[in-house]
Amino acid sequence: MIELLTETAIQEPQRIRGLEMPWNRVMGSTEAPARAARALGPWHPQEFMAECVETVPEAGGLMTFVFRRCDGAPLAFRAGQYVNVAFPVNGEDKEPVDRSYSLSSSPTEPWTFSISVKRDGGGLVSPWVHENVKPGTVLEMLGPVGAFHLPDADRRARYLLLAAGAGITPIMSMVRTIHSLPGHADVVVLYHGAEAGGFAFHQELAYIASVDSRVKVFYSLGDRSKPEGWEGLSGRLTAAMLDEVAPDANGRQVYACGPEGYLNTATELLKKVGVDDTSIYMEFFTGDRQTLLEYQAELAHAADIAEEIAEEIADSAEDYFESQPTAFGLYEPGYDAEGTLKAGGLPLETVDADAAGPEALDGGSDTEPETASPDASSFDTVGTGSLTLSFMRTGINVRIDPTEHILGAAQRAGVRIGANCKEGMCGSCKVVKLSGEVEMNHQGGIRAREIDAGKFLPCCSTARTDMVIDA
């Protein structure tokens, strides 16, 4: 008989350092595995038909709808992105109604994918979806879309994930993704809900937190009174609450999703606890006119790309999937401050199982060490041109012509900036401008609020003045 109740000491699992998405080693693979890995790659959005294969009721009035593509292909996306779905709300012979829903599943399981829809009793679409979408229902979709997603590789994967209500949907995709991958990560989830029994995915979150020491989950009941036996937090998001769940918040990348009011509050509070704007990523479930226009522009561009791809498929369907990455120049080696990330993938560096956590890897400090900014006048200068780009992390000045795109000049000089599409669409080359002016011609890979925070896409930007760049 097996003794289940005897307490035994269980060691922490041994892991490689950092977090890396499974498609990240494509270019470093030989042809055969690369071909298979490309099936997982987060390529351009496409229009496709998908069949519902399962519905799963969730707490909080949500229903998860599991789909598979009718063409048998996997859905390649990044954790946090969304799809736009055409629902025949008014009948099959009428114009469908489009709605966008975040993907709640993990891209590491791409053969099926799921969206989770909260029923709004006064809404047009969500009640119809709950009542009519069942296994066998086929819907037209566009995706993946969106710049709100986890990075492809992160040597120091430390995240604070904030969700309110249905905003847990893309956050759940991120948690599932991290849980499914090896690598050293440190994840804190703070989930606000309206009632104790209304936290969607709470059973799965509890399970993940119980078996994966990288993930900690906190719940708060917002401004509602606590029922008897409630062991979570209570009250709306405050700086004190952020400090309680993540005292090292200013050393983390923050992903937040929820209603506009919640996210506006979160923005102010994160600043108070020291989180820089450039470390904050937000997805609005509701928003003002400017926010809605941004999403409309994002979808319009995704539709254009999908149409181009459909034309390519029509011209050469047989060769399409094999030639797509090369034809579109989608995958280039990427870098961070410590070296190449994508060409060879993250180095297999084991982590001491006895270490207290990711903090120990960097000296055990909860906060980023403060260092004085280097003097750009002491940097070596390379290239020719009338303007100077000072890359502060790399420690180099690059002379550039005003008509030249910044990314190319930077990479030729050895500045480590990751890039995929090089069309201003995917956002993977996003960096922070510390001073100077650029002219940017992006195609949806960056949002207005990110531009306001000082970020820009060097792949589609030219310098208008001398610049100082955090890269």
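For the structure, see preceding data.
Residues numbered from 1 in each chain as written. Predicted model: local features only at pLDDT ≥ 70, side-chain atom pairs only at ≥ 80, totals over all residues. Heavy atoms only, no water.

Undergrad: I would appreciate a short explanation of the packing of helix α3 (residues 168-180) against helix α4 (residues 202-211) in the present structure.
TA: For any two helices packed against each other, the geometry comes down to the angle between their axes and how far apart the axes lie. Their axes nearest at 11 Å, the elements α3 and α4 cross at an angle of 30°. Taken together, the axes of α3 and α4 lie roughly parallel to each other. For the pair α3 and α4, the crossing hand works out as left-handed. Contact with α3, carried on its side by Ile-168, Met-172, Val-175, Arg-176 and His-179, involves Glu-204, Leu-205, Tyr-207, Ile-208 and Val-211 of α4 and no other residues of that element. Of the residues belonging to the contact of α3 with α4, the class tally is seven nonpolar, one polar and two charged. (Axes fitted to C-alpha atoms, helices over the stretch in contact; angles between N-to-C directions. Helix = DSSP H or I, 4+ residues; strand = E, 2+ residues; numbered from the N terminus. Parallel < 35°, antiparallel > 145°, perpendicular 65-115°, else oblique. Left-handed = near helix turned anticlockwise from the far one by under 90°. Contact = heavy atoms within 4.5 Å. Nonpolar A, V, L, I, M, F, W, Y, C, P; charged D, E, K, R; others polar.)

Undergrad: Quick question: what am I supposed to make of the environment of Pro-88 here?
TA: Tracing the backbone shows Pro-88 in the loop between β4 (82-87) and β5 (97-102). Pro-88 gets classed as buried once you look at its relative accessible area, which sits at 16%. As a C-alpha pair, Pro-88 and Asn-132 span 44 residues in sequence and 9.9 Å in three-dimensional space. Sequence-distant contacts of Pro-88, that is, excluding residues within four places in its chain, are made with Pro-96, Trp-128 and Leu-139. (Buried < 20%, exposed > 50% of the residue type's maximum accessible area, 1.4 Å probe, protein only.)

Undergrad: Before we go on, may I ask you to explain the packing of aromatic side chains in this structure?
TA: Aromatic ring pairs are defined here through the distance separating the ring centres and the angle between the ring planes. The tally for this structure, following the rule as stated, stands at eleven aromatic pairs. Between Tyr-191 and Tyr-219 the ring centres are 5.9 Å apart and the planes differ by 40°, which places this aromatic pair in the tilted class. Of this pair, Tyr-191 sits in strand β10 (residues 185-192) while Tyr-219 sits in strand β11 (residues 215-220); the two residues are 28 residues apart in sequence, bridging distant segments of the chain. Under the relative-accessibility criterion, Tyr-191 is labelled buried at 2%. (Phe/Tyr/Trp six-rings, centres within 6.5 Å; stacked < 30°, edge-to-face > 60°.)

Undergrad: What is the right way to read the sheet that holds β10 from this model?
TA: In a beta sheet, neighbouring strands pair by backbone hydrogen bonds and run either parallel or antiparallel. Taken together, the five strands give an open sheet; going across it, the order is β11-β10-β9-β12-β13, and neighbouring strands pair in parallel fashion. With one partner strand each, in any of the chains shown, β11 and β13 (280-284) form the two edges of the open sheet. Strand-to-strand twist in this sheet, taken as the mean axis angle between neighbours without regard to direction, amounts to 15°. Judged from the five bridges that link them, strand β12 (residues 253-258) and β13 form a sheet pairing that is parallel. Note that in β13 the partner of Gly-258 across the bridge is Phe-284. (Pairing = 2+ DSSP bridges.)

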